[in-house]
Amino acid sequence: MSDSEDNVPLAQKFHNDSNSSVRSTSAVDSDEDMPLAAKLSAINNGNAAPQDIAYIKQEPADSSDDELPLAVKLKAGGINRANDASMPLKQEPLDGNDSDSDVPLSTPSSSVESTSKKRKLPKADRQADKLKKRAVKTEKKAVKKENGASSRRGGGRSKADKMDVDVKEEEVKVKVKKQEEEADGDAEDNEHRWWLNQDRDASVKWTTLRHNGVLFPPEYKPHGVPLIYDGKEVVLEPAAEEVATFFAQVLHMDHATNPVFQKNFFSDFLKILGTCKKPTPIKRFDKCDFSRIAEYFEQEKERRKQMSKEELKAIKEEKLAIEEKYAYCMLDGRKEKIGNFRIEPPSLLRGRGAHPKTGCLKSRIMPEQVILNLDADAPVPPPPPGHQWGGIIHDPTVTWLATWKENVNNSTKYVFLAANSSIKGQSDMNKFEKARELKTCIDKIRREYTRDLKSRTLQICQRATAMYLIDRFALRAGNEKGEDEADTVGCCTLRYEHVNLVPPNRVCFDFLGKDSIRYYREVEVDTQVWKNLKSFKASPKKSGDPLFDQLTTATLNRHLSSLMPGLTAKVFRTYNASHTFEKELEKTPRNTSVAEKVLAYNRANREVAVLCNHQRAVPKRHDDQMLRVSNKIKAIKYLRWRAKRELLQLNPKVKKSNPKLVAPESDLEEEWCIEYEDSLIKKEYEKANLKVEKLKEKVKSEGGPAPTDGAVQAILDKAKEYEERVLSERKSGQLEVKRAVTEEKLKEAIAKLSERIVAAKSEMIDKDENKATALSTSKINYIDPRITAAWCRAHDVPLTKMFNATLRDKFRWAMDVDATWKF
DNA sequence: ACTGAGACTTAGCACACGACCA
DNA sequence: TGGTCGTGTGCTAAGTCTCAGT
C-alpha cells in the first residue's frame, strides 16, 4: 500500500515544480546569468518564460489588468472581487425592504429562567415564547447528548430516561467546590492544562458559567456638523445625524462609491429622516455631501494625535478599567477571557463583494434583545439602568455567553470565549485530531472515490468527482445560498460557467468563493475526472445551471461520515493544509542560519496559503515599494559598474583573465545613470546648503563670529567639485581612481555589492510573491500548531520567531510536543 | 427529504502602534 | 522628527455543519 506521503495535493505539486527556480536566494550572485536575476528581469519586462509561471494562470491573456506584470500575479493573483472593474458588479433590484420593523426595541421583557429547576415563563411575549421553546430544546438536547455520550463511552443507558436533576445538581456542586479548591491551591501556577486530562464527552461544555453580561456601545453624541444638501447646510436631528455620520466614516473607502451600498444606505437614511420631527429637504443621494462630517472626524483624529502621552494613557486606562469587568468570565471556577464582549455598535453593513444588502443600517441593539447564558445558580448581572435583559438561559451544551439577532440578515450573533480559552482550545485540538484521523484512512478514501469516478450511477459519479476536487484543490463544500447574499459558490454549488474544460485534461476554474475572493486556476486533472466534468456540462446544461445537480453538501457529508466518523468536507482542507505544510518543512536546510530556516518555514506557510487560496488586497503602495527597491538595486549596480570600470583602468588585463568579473551591468541604461548622477549632484548641493544654514543658525543661537565667506564658499565648493568630477568623467569616459585603491580592494568591493544586489532582489521577489497572499489565515486555522512546535525543537529555532504572543497563547495546548512529533 | 435556525469556525479588512530609517 | 512599513488586534462578515420541525 502506498504511503499517503506521496499524496500531496496536485495543486501543491504543480506549484512546487514550477516554482523551484525562484528559490535560490542564498546563492552568491555571480552575475546576471543567475536564474534569479534572469527571472527578475524577465518578470520586470513582463515576458517571463512560461516555465517561470506557476500552474495557476491567474488572468486570461486579454486581461485588462495593467498593474506591474510580476510573477506573483500569475501565481497567486491579486484579489479579484465581484466588484472589481474587471468584473462588472451585478446589481440586484432592491426594494429596500428590510426587517428593522421586527426588532422589539422596547419589549417589556422579564428574565426567563429555563432550567429544570425553576421556570417563570411570561405569556404573550413573542420573545419569551421563543425562549421557552429554546429552554425545552436545550433540555432535550442536553438529555440526548448526554445519552449519546454515555453510550459512546460504553455506558449501558440506552434510553433517554429523565435525568435525576437533584443528583445531577449535587454532582455539579461537588465538582464546583473541587475546582474552586484547586484554583485556590494553585494560585501561583493556575494554568489549566486541560489537554493533559481530556474528557472526551464534548456535549456538556461547562458546569458553571458566570459573567457580568455584555458591554454596550456608548450612546450617540451629536456633533452638530451639518450635511451639505444641494449646496446648503442642513443640520440633522441626532438620529439622522448618526446615520449620516456612518456614511461619512466610509467616505474614503470603496463602499462609498458602490451604487448598491449607496442605495441601501440612502433608503434607510430616508426612513430615519422620516421619523424626524422637522421635515428635511433631503430627497436625493446625489445631492448629499458628507465631506464636512468626514472632515470633522479627520480633525478629531488629528486632535487625538496631538494629545500628550499622559492624556492618551489616562484615556486608555479608563477604557481598560471599564472593559476589565466584561472581558473575563468564570468558567468552571476558572477565569477565562471572553472574545467579543462588546455588543456590535450600529453601523452600515459592510458586505463583501456584491452583497445585495451592503450599506443597510444595522440598528442599535438594546438589552431587551440580548439573551444571556449563565449557570443556574449564577447571579444575573444587572442590565443597564432602565432596561431589562431579553432573557436568561442556562444551557451548558453551548459555549456562548450572550446572543442577539442582527436586523439586516436576521442572523444570530454571539458572545464567545477568546481563542486562548480552554473551550476554544479543546475544539481546536479536536479539529486537528480529526484531520490526523483522516490521514490514517485517506488512501482508502482516495481509492474509493477514484473507483467511483467511473460509477454509472450519476449521483455516485458526481459525489466522487466532487470529492476529488475537494481533496486535490482544497475547495470548500459549498452550501446553498440565499437570494439576498452575494453570489459565491463552493464545490457543490459550482455552476456550468465556473468550470472550463481544456482538452485533453486541463480544467480552468473561475468562480467567486468565500468573501467573494476569486478562485482562478488552470490545473491538470485525472482523465476520468475531466470526462466526468464534461458529461456534467453536457447539453442541455447551460450557463447558470448547477454542475453537480445530484449533489448537496448534506448528501456529500453524509457519505463522508460513513467513511470515517465525523468526516466532513472541511476536514480535507485541514488535513491537506497541515500535511502539505509538514512535507514542505522537510525541505528545511540543516546547518544553516536561523534566518534561512525561518525563510523555509515561511515558504512552506505560503504553499499552504496558495493551496487554500488565502488572498489579501494588494497593499496600496505596493507598486511604489517595488519601484523603490528596483531603483535601490540599480543604484547598487551603478556603484558596482563604477568599481568594475576602476578595476579595468587599474588593470586592463582583467578583461581577458576574468571577463565575467567586469562584465557590463545588463539592465543599467545610460539614461538612467545620467539621471541618477544628476540627482546625486543635486543632493550634494542640497547637503551643502543645509550645512551652511546650520552653521549660520549655530552662530545666531550660540553667538561667536559669523562664518567667513571663505568658509561658506569652501562648503559649496565641495559640491561644485563633485559636480565637475562627474561631468568630466562623463565626458572622458575615464573615472578618477583614488590613489589608495588597489585591485584587491576593488574586487572585494564588487563582491560585497553583488551580495547586496542578491539580497535586495530576493527581498523584492519575496515581497512581490507575497503581495496578494495572506499567510496568517492558514497559520491560525489550518496548520496544526504541533508541527511548528516540533519543527522549532528539531531545528533549534525559537518559537517566538514563528508564533507571536497571541498565537503562542492560543496554541498553549500544542507546545509540549517533542522534536519527533508527526502530524 | 427538505428547510431554516442555531452554533460554531474561517476569513479579510481597517486601524493602531511601534520599530526603523533618512 | 516625520514618514514609512510591518505587525498585531479588533471587528464582524461569511462560511460549514448539525439538528429540529415538518
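Note that the structure is predicted; figures quoted are calculated from it, not measured.

## Concerning the overall build of chain A
Reasoning step 1: Counting secondary structure elements, chain A contains 24 helices and 15 strands.
Reasoning step 2: The proportion of buried residues among the 823 residues of chain A is 45%.
Reasoning step 3: Residue pairs at least 24 apart in sequence account for 71% of intrachain contacts in chain A once pairs closer than 6 positions are excluded.
Reasoning step 4: Entry remark: accessible area of chain A is about 44300 Å², with carbon and sulfur atoms responsible for 52%.

## Points about the protein's contact with DNA strand B
Reasoning step 1: As a structural note, the neighbourhood of DNA strand B is formed by 33 residues, with Lys424, Ser427, Lys431, Lys514 and Tyr782 the closest of them.
Reasoning step 2: When the atoms of DNA strand B within 4 Å of the protein are sorted by group, sugar and phosphate make up 84%.
Reasoning step 3: Within the side chain of arginine 476, an N or O atom sits 2.7 Å from a phosphate oxygen of DNA strand B.
Reasoning step 4: Backbone polar atom of alanine 617 to a phosphate oxygen of DNA strand B: 3.1 Å apart, as the coordinates give it.
Reasoning step 5: Only helix 4 (126-152), strand 12 (412-415), helix 10 (422-452), helix 14 (569-585) and helix 21 (776-781) provide two or more residues apiece to the surface near DNA strand B.
Reasoning step 6: Of all the elements, helix 10 adds the most residues to the surface near DNA strand B, at three residues.

## Section: the confidence of the model for chain A
Reasoning step 1: Per-residue confidence for chain A gives a mean pLDDT of 79; residues scoring 70 or more make up 76%.
Reasoning step 2: At the level of individual helices and strands, chain A shows its lowest average pLDDT in helix 3 (residues 71-75), which scores 30, and its highest in strand 14 (residues 506-512), which scores 98.
Reasoning step 3: Ignoring residues within four places in sequence, the model shows residues 1-79, a span with pLDDT below 50, making 167 contacts including any to other chains.
Reasoning step 4: Across residues 82-126, where pLDDT falls below 50, the model places 87 contacts with residues more than four positions away in sequence or in other chains.

## Looking at the protein's contact with DNA strand C
Reasoning step 1: Around DNA strand C, a shell composed of 30 residues is seen, among which Arg352, Lys413, Lys481, Lys767 and Thr806 lie nearest.
Reasoning step 2: Within 4 Å of the protein, atoms of DNA strand C come from sugar and phosphate in 92% of cases.
Reasoning step 3: The separation between a phosphate oxygen of DNA strand C and a polar side-chain atom of lysine 413 is 2.6 Å.
Reasoning step 4: In this structure, threonine 488 approaches DNA strand C through a side-chain N or O atom, which is 2.9 Å from a phosphate oxygen.
Reasoning step 5: Listed by contribution, the elements that provide at least two residues to the surface near DNA strand C are helix 14 and helix 16 (622-650).
Reasoning step 6: Classifying every residue of the surface near DNA strand C gives four nonpolar, 11 polar and 15 charged.

## What about the sheet that holds strand 13 (residues 499-502)?
Reasoning step 1: Ordered by their spatial adjacency, three strands build an open sheet running 13-14-15, and the pairing between neighbours is antiparallel. The strands lining the two open edges of the sheet, one partner per strand, are strand 13 and strand 15 (518-524). With direction set aside, neighbouring strand axes in the sheet form an average angle of 10 degrees.
Reasoning step 2: With respect to the sheet, helix 11 (residues 458-473) is in contact with strand 14 and strand 15, its orientation differing from that of strand 15 by roughly 100 degrees.
Reasoning step 3: Lying over the sheet, helix 12 (residues 527-537) contacts strand 13 and strand 14, oriented at roughly 125 degrees with respect to strand 13.

## Section: the sheet that holds strand 1 (residues 209-210)
As a general point, the strands of a sheet are linked pairwise by backbone hydrogen bonds and lie either parallel or antiparallel.
Reasoning step 1: Taken together, the three strands give an open sheet; going across it, the order is 1-5-6, and neighbouring strands pair in antiparallel fashion. Since the sheet does not close on itself, it has two edges, and those belong to strand 1 and strand 6 (334-337), each with one partner.
Reasoning step 2: In the sheet, strand 1 pairs with strand 5 (residues 328-331) via two bridges, with the strands oriented antiparallel. Note that in strand 5 the partner of arginine 210 across the bridge is methionine 330.

## Remarks on the nonpolar core
Reasoning step 1: In terms of nonpolar packing, the biggest core is built from 74 residues, with Leu469, Leu494, Phe509 and Phe548 touching the most fellow members.
Reasoning step 2: In this structure, leucine 469 is in contact with Ala474, Leu475, Cys491, Leu494, Phe509, Val529 and Phe548, ignoring residues within four places of it in sequence.

## Side note on the UniProt feature "coiled-coil region" (unreviewed entry) in chain A
Reasoning step 1: Feature annotation in UniProt places "coiled-coil region" (unreviewed entry) on residues 298-325 and 743-770, given in this structure's numbering.
Reasoning step 2: From the first C-alpha to the last, residues 298-325 spans 31 Å; its make-up is 93% helix and 0% strand.
Reasoning step 3: Along residues 743-770, the helical share is 100% and the strand share 0%, with 41 Å between the first and last C-alpha atoms.

## Quick notes on the pattern of salt bridges
Reasoning step 1: Tallying each qualifying case throughout the model produces 44 salt bridges.
Reasoning step 2: The partner of glutamate 323 in a salt bridge is arginine 342, with the nearest N and O atoms 2.8 Å apart. Of the two residues, glutamate 323 sits in helix 9 (residues 309-327) while arginine 342 sits in the loop between strand 6 and strand 7 (347-348), which places them 19 residues apart along the sequence.
Reasoning step 3: Residue classification places glutamate 323 among the buried residues on the basis of a relative accessible area of 11%.
Reasoning step 4: The closest approach of N and O atoms between arginine 352 and aspartate 515, which form a salt bridge, is 2.7 Å. One end of the pair, arginine 352, is in the loop between strand 7 and strand 8 (361-362); the other, aspartate 515, is in the loop between strand 14 and strand 15, and 163 residues separate them in sequence.
Reasoning step 5: Residue aspartate 515 is classed as partly exposed on the basis of its relative accessible area, which comes to 31%.

## Notes on the side chain of aspartate 332
Reasoning step 1: The topology assignment puts aspartate 332 in the loop between strand 5 and strand 6.
Reasoning step 2: Lacking a salt bridge, the buried aspartate 332 has arginine 334 as its closest oppositely charged neighbour, with an N-O distance of 4.4 Å.
Reasoning step 3: A distance of 2.6 Å separates the side chain of aspartate 332 from the backbone nitrogen of threonine 207, its partner in a polar contact.

## Points about a positive patch on the surface
Reasoning step 1: Among the surface-exposed residues, Arg628, Lys632, Arg756 and Lys767 lie close enough to one another that they form a single positively charged patch.
Reasoning step 2: By secondary structure assignment, the location of lysine 767 is in helix 20 (residues 743-770).

## Topic: the packing of aromatic side chains
Reasoning step 1: Going through the model one piece at a time under the given rule, you end up with 29 aromatic pairs.
Reasoning step 2: A ring pair is formed by phenylalanine 265 and phenylalanine 269, whose centres lie 5.3 Å apart and whose planes are at 15 degrees; its orientation type is stacked. With a gap of four residues between them, phenylalanine 265 and phenylalanine 269 both fall in helix 7 (residues 259-274), about one helical turn apart.
Reasoning step 3: By relative accessible area, phenylalanine 269 is classed as buried at 0%.
Reasoning step 4: An angle of 80 degrees between the planes, with centres 6.4 Å apart, marks the rings of phenylalanine 265 and phenylalanine 285 as edge-to-face. Pair noted here: phenylalanine 265 is in helix 7 and phenylalanine 285 is in the loop between helix 7 and strand 4 (288-289), with a separation of 20 residues, a long-range link.
Reasoning step 5: Classification of phenylalanine 265 by relative accessible area gives buried; the value is 0%.
Reasoning step 6: Across the ring face of tyrosine 328, the terminal group of lysine 335 is positioned such that the distance to the ring centre comes to 4.5 Å.

## Examining the UniProt feature "active site" (unreviewed entry) in chain A
Reasoning step 1: According to UniProt, the feature "active site" (unreviewed entry) maps to Tyr782 in the numbering used here.
Reasoning step 2: On the secondary structure map, tyrosine 782 appears in the loop between helix 21 and helix 22 (785-795).
Reasoning step 3: Contact partners of tyrosine 782, with chain neighbours within four places excluded, come to Phe432, Arg573, Thr574, Ala577, Ser578, His614 and Thr777.

## A word on the packing of helix 6 (residues 238-248) against helix 8 (residues 291-306)
Reasoning step 1: Close contact between helix 6 and helix 8 brings their axes to 9 Å; oriented N to C, the two are set at 75 degrees. When the interaxial angle is binned, helix 6 and helix 8 end up roughly perpendicular. Of the residues in helix 8, those touching helix 6 at Ala244, Thr245 and Ala248 are Ile293, Ala294 and Phe297.
Reasoning step 2: In terms of residue class, the contact of helix 6 with helix 8 is made up of five nonpolar, one polar and no charged.

## Thoughts on a negative patch on the surface
Reasoning step 1: Where like charges cluster on the molecular surface, the negative patch consists of Asp289, Glu295, Glu298 and Glu302.
Reasoning step 2: With three residues, helix 8 is the single largest residue contributor to the negative patch.
Reasoning step 3: Within the fold, glutamate 295 resides in helix 8.

## Some details on the pairing of strand 14
Reasoning step 1: Where burial is concerned, most of strand 14 is hidden: five out of the seven residues are buried.
Reasoning step 2: Across four bridges, the pairing between strand 13 and strand 14 is antiparallel. Note that in strand 14 the partner of valine 499 across the bridge is phenylalanine 509.
Reasoning step 3: Counted along the chain from strand 13 to the antiparallel partner strand 14, the turn is three residues long.
Reasoning step 4: Pairing of strand 14 with strand 15, which is carried by seven bridges, proceeds in the antiparallel orientation.

About the cut-offs
- Residues numbered from 1 in each chain as written.
- Chains lettered and ligands numbered in written order.
- Predicted model: local features only at pLDDT ≥ 70, side-chain atom pairs only at ≥ 80, totals over all residues.
- Heavy atoms only, no water.
- Helix = DSSP H or I, 4+ residues; strand = E, 2+ residues; numbered from the N terminus.
- Buried < 20%, exposed > 50% of the residue type's maximum accessible area, 1.4 Å probe, protein only.
- Contact = heavy atoms within 4.5 Å.
- Areas by Shrake-Rupley, 256 points an atom, 1.4 Å probe, with all protein chains shown as cover.
- Near = heavy atom within 4 Å.
- Polar contact = N/O pair within 3.5 Å; in protein donor to acceptor, adjacent residues only side chain to side chain.
- pLDDT = per-residue confidence, 0-100.
- Nonpolar A, V, L, I, M, F, W, Y, C, P; charged D, E, K, R; others polar.
- Pairing = 2+ DSSP bridges.
- Axes fitted to C-alpha atoms, helices over the stretch in contact; angles between N-to-C directions.
- Core = buried A, V, L, I, M, F, W, Y, C linked by side-chain atoms within 4.5 Å.
- UniProt positions renumbered as here; feature names shortened; annotations may be inferred.
- Salt bridge = Lys/Arg side-chain N within 4 Å of Asp/Glu carboxyl O.
- Lys, Arg positive; Asp, Glu negative; His and termini not counted.
- Patch = residues over 30% accessible without salt bridge, like charges linked within 9 Å, V, L, I, M, F, W, Y side chains within 5 Å.
- Charge placed at Lys NZ, Arg CZ, Asp CG, Glu CD.
- Phe/Tyr/Trp six-rings, centres within 6.5 Å; stacked < 30°, edge-to-face > 60°.
- Lys NZ or Arg CZ within 6 Å of the ring centre and 35° of its normal.
- Parallel < 35°, antiparallel > 145°, perpendicular 65-115°, else oblique.

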